[in-house]
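Structural features, examined
Listed below, chain by chain, are the residues.
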Amino acid sequence: MSSDTPHKSKKLKAEGESLADDSMLQCASYALEILSHGGLRSHVMGALVTDDTIELLYYDRSIIIVSEPLNFIKDQP
């Protein structure tokens, strides 16, 4: 049975990474839509909150900046 445990944890990790990629892709598509249909908008700022972490996002027409994940429960100032 112990040989199945690492396989399951790798599978769960892969599914978690896939969900994170889907969330980032959705944020990017929202930013693209805002930049495309917003008149004179030059940048978009956003935040991706997942469970107890937050990532700040910045999009403009030439660059995307993503902050390091911050655990807002454990890492309070």
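These lines cover the structure that appears in this document, whether it is placed above or below. Only a predicted model underlies this, so the values are computations on that prediction, with no experimental measurement involved.

1. Quick look at the overall build of the protein
Looking only at helices and strands, the protein features 1 helix and 4 strands. Beginning at the N terminus, the succession of helices and strands in the protein can be written as α-β-β-β-β. Put simply, of all contacts in the protein between residues at least 6 apart along the chain, 18% involve residues at least 24 apart. Accessible surface, the protein as shown: approximately 6500 Å² in total, 60% of it carbon and sulfur.

2. Concerning the pairing of strand 2 (residues 53-60)
With 8 bridges connecting them, strand 1 (residues 43-50) and strand 2 associate as antiparallel partners. Counted as the bridge partner of leucine 48 is glutamate 55 from strand 2. Taken together, strand 1 and the strand that follows it, strand 2, pair antiparallel across an intervening segment of 2 residues, in which aspartate 51 is found at a positive phi of about 55 degrees. Bridge count between strand 2 and strand 4 (residues 70-71): 2 bridges; the pairing is antiparallel. Looking across to strand 4, one finds that threonine 53 is bridged to asparagine 71. Sheet topology note: the strand 2/strand 3 (residues 64-66) ladder contains 3 bridges and is antiparallel. Following the sheet pairing, tyrosine 59 is matched in strand 3 by isoleucine 64. The turn linking strand 2 back onto strand 3 is made up of 3 residues.

3. Focus on the environment of alanine 28
Relative to the helices and strands, alanine 28 resides in helix 1 (residues 4-36). Residues alanine 28 and valine 44, spaced 16 residues apart in sequence, show a C-alpha to C-alpha distance of 9.8 Å.

4. Some remarks on the nonpolar core
Within the largest apolar cluster, 7 residues are counted, these being Cys27, Ala31, Leu35, Val44, Leu48, Leu57 and Tyr59. Those elements giving two or more residues to this core turn out to be helix 1, strand 1 and strand 2. Among the elements that make up this core, the one with the highest residue count is helix 1 (3 residues). Those residues in contact with tyrosine 59, other than ones at most four positions away along the chain, are Met24, Cys27, Ala28, Ala31, His43, Val44 and Ile64.

Reading the values: rules and limits
- Residues numbered from 1 in each chain as written.
- Predicted model: local features only at pLDDT ≥ 70, side-chain atom pairs only at ≥ 80, totals over all residues.
- Heavy atoms only, no water.
- Helix = DSSP H or I, 4+ residues; strand = E, 2+ residues; numbered from the N terminus.
- Contact = heavy atoms within 4.5 Å.
- Areas by Shrake-Rupley, 256 points an atom, 1.4 Å probe, with all protein chains shown as cover.
- Pairing = 2+ DSSP bridges.
- Core = buried A, V, L, I, M, F, W, Y, C linked by side-chain atoms within 4.5 Å.
- Buried < 20%, exposed > 50% of the residue type's maximum accessible area, 1.4 Å probe, protein only.

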